[in-house]
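What follows is the residue order along each chain.
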Number of protein chains: 2
Amino acid sequence: MGLTKSEIFTDEQNEIAAIAKVLGHPARIAILDFIIKLKSCVCGDLVKDIGLAQPTISQHLKELKKVGIIKGTVEGTSVCYCIDEENWEQIKNRLNKFLNKNPTENCC
Amino acid sequence: MGLTKSEIFTDEQNEIAAIAKVLGHPARIAILDFIIKLKSCVCGDLVKDIGLAQPTISQHLKELKKVGIIKGTVEGTSVCYCIDEENWEQIKNRLNKFLNKNPTENCC
DNA sequence: TTTGTTTATTGCAATATTACGATTAATAAA
DNA sequence: TTTATTAATCGTAATATTGCAATAAACAAA
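Here the structure is a predicted model, which means the values were calculated and not measured. (Residues numbered from 1 in each chain as written. Chains lettered and ligands numbered in written order. Predicted model: local features only at pLDDT ≥ 70, side-chain atom pairs only at ≥ 80, totals over all residues. Heavy atoms only, no water.)

## What about the interface of chain B and chain A?
- With 48 residues of chain B at the contact, the number on the chain A side is 48 residues.
- Of the roughly 4300 Å² buried at the junction of chain B and chain A (both faces included), carbon and sulfur atoms supply 66%.
- One salt bridge connects Asp33 of chain B with Lys101 of chain A, and the closest N-O pair in it is separated by 2.9 Å.
- Counting across the interface, chain B meets chain A through 8 residue pairs in polar contact (both at pLDDT 80 or more).
- When contributions to the side of chain B that touches chain A are tallied by element, the ones reaching two or more residues are helix H1 (11-23), helix H2 (26-37), strand S1 (70-75), strand S2 (78-83) and helix H5 (85-99) of chain B.
- Looking at the side of chain B that touches chain A element by element, the count peaks at 8 residues for H5 of chain B. (Contact = heavy atoms within 4.5 Å. Buried area = accessible area lost by both parts, 1.4 Å probe. Salt bridge = Lys/Arg side-chain N within 4 Å of Asp/Glu carboxyl O. Polar contact = N/O pair within 3.5 Å; in protein donor to acceptor, adjacent residues only side chain to side chain. Helix = DSSP H or I, 4+ residues; strand = E, 2+ residues; numbered from the N terminus.)

## Looking at the packing of helix H1 (residues 11-23) of chain A against H1 of chain B
- Where H1 of chain A meets H1 of chain B, the axes come as close as 7 Å, and the angle between the chain directions of the two elements is 150 degrees. The pairing of H1 of chain A with H1 of chain B is recorded here as roughly antiparallel in orientation. Helix-helix and strand crossings are classified by hand; for H1 of chain A and H1 of chain B the assignment is left-handed. Across the interface between the two elements, Ala17, Ala20, Lys21 and Leu23 of chain A from H1 of chain A touch Ala17, Ala20, Lys21 and Leu23 of chain B from H1 of chain B. (Axes fitted to C-alpha atoms, helices over the stretch in contact; angles between N-to-C directions. Parallel < 35°, antiparallel > 145°, perpendicular 65-115°, else oblique. Left-handed = near helix turned anticlockwise from the far one by under 90°.)

## Section: the relation of the copies chain B and chain A
- Superposing chain B onto chain A requires a rotation of 180 degrees together with a translation of 0.0 Å along the rotation axis, leaving an RMSD of 0.0 Å. Put plainly, the chains are arranged around a two-fold axis.
- With an isologous cut-off of 70% or more, the 100% of interface residues of chain B that recur at the interface of chain A puts this contact in the isologous class. (Least-squares fit on C-alpha atoms with pLDDT ≥ 70 in both.)

## Description of the environment of Leu46 of chain B
Residues and elements named next belong to chain B.
- As for its placement among the helices and strands, Leu46 is situated in helix H3 (residues 45-49).
- In sequence terms Leu46 and Ile57 are 11 residues apart; their C-alpha atoms lie 7.4 Å from each other.
- In contact with Leu46, not counting residues within four places along its chain, are Ile31, Phe34, Ile57 and Leu61.

## Brief notes about H5 of chain B
- Taking 1.5 Å of rise per residue, 15 residues should cover 21 Å, and H5 of chain B covers 20 Å from first to last C-alpha, within 8% of that figure.
- Listed in full, the buried residues belonging to H5 of chain B are Trp88, Ile91, Lys92, Leu95, Phe98 and Leu99 of chain B. End-on, the buried residues of H5 of chain B take up no more than an arc of 120 degrees, which puts them together on one face. The exposed residues of H5 of chain B that point more than 90 degrees off its buried face are Glu86, Gln90 and Lys97 of chain B.
- The elements touched by buried residues of H5 of chain B are H1, helix H2 (26-37) and helix H5 (85-99) of chain A together with H1 and S2 of chain B. (Expected span 1.5 Å × (residues − 1). Buried < 20%, exposed > 50% of the residue type's maximum accessible area, 1.4 Å probe, protein only. Arc of directions from axis to C-beta.)

## What about the pattern of salt bridges?
Residues and elements named next belong to chain B.
- Under the defined criterion, the tally for this structure stands at 12 salt bridges over all chains.
- Close ionic contact of Arg94 with Glu15 constitutes a salt bridge, the shortest N to O distance being 2.0 Å. In this pair, Arg94 sits in helix H5 while Glu15 sits in helix H1, placing the two residues 79 residues apart along the sequence.
- With a relative accessible area of 34%, Glu15 lands in the partly exposed category.
- Lys48 is paired through a salt bridge with Asp45; the nearest N and O atoms lie 3.8 Å apart. Of this pair, Lys48 and Asp45 both sit in helix H3, 3 residues apart, roughly one helical turn.
- Taking the relative accessible area as the measure of exposure, Asp45 reaches 35% and is therefore partly exposed.

Limitation: the analysis is restricted to geometry and does not speak to function.
Structure representation (structure tokens):
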């Protein structure tokens, strides 16, 4: 049915999955790589750097913004995107909390 | 077109996205939570614990296995699933390497 | 062998995602 | 105001994902 049954999972499970889902596309990883590498925000250079059409990049930026990883500031006709440091820190903590839930023993 | 253009991204970007994508569904997070919590492997108890049909759970297990997070051992008629410690460690390192790529400054 | 138990696979319907052309919106510059 | 530039939105086609009923496969036990 293509419809995830979110209601049967905990909030935490849904939230972690939502974050991971957004990171689950190479274009969005590439966008983050680019923004982080330049240590400053980037506008439409992403379109040139990554080989995807402008509407596609814009769509990916929207998803990254939706979960709070990045934020955009309008500067004239262009928009400056950069990591939303505060949220990004929280998101990383959340992910790390999950990643560190290690089993101490294993049976197989 | 629904088709990700993997060829325009680096191997690392594709790999990180592939891992994140698998973690991008609450059912798979719930499965991992369950397996980790019991500190041992689990067989079909997942179907009872999580409210999804057996074929659906089986499908999610398959995906987790595909990226190497878990492994399954046949035990009679049932299958014992548990974290593939070695791979899981590598996957976590890969994710952490990405998560730690922080910008030192920000412009907006 | 037959029966029961457990898991995997197949097939399918419903929905989601990805990508992009065309267009719109917003602003800057002439 | 007109024109150029940049980014967002709309609409749509192609493909992927999710979920499950039905079935098959694999094995244990009777």
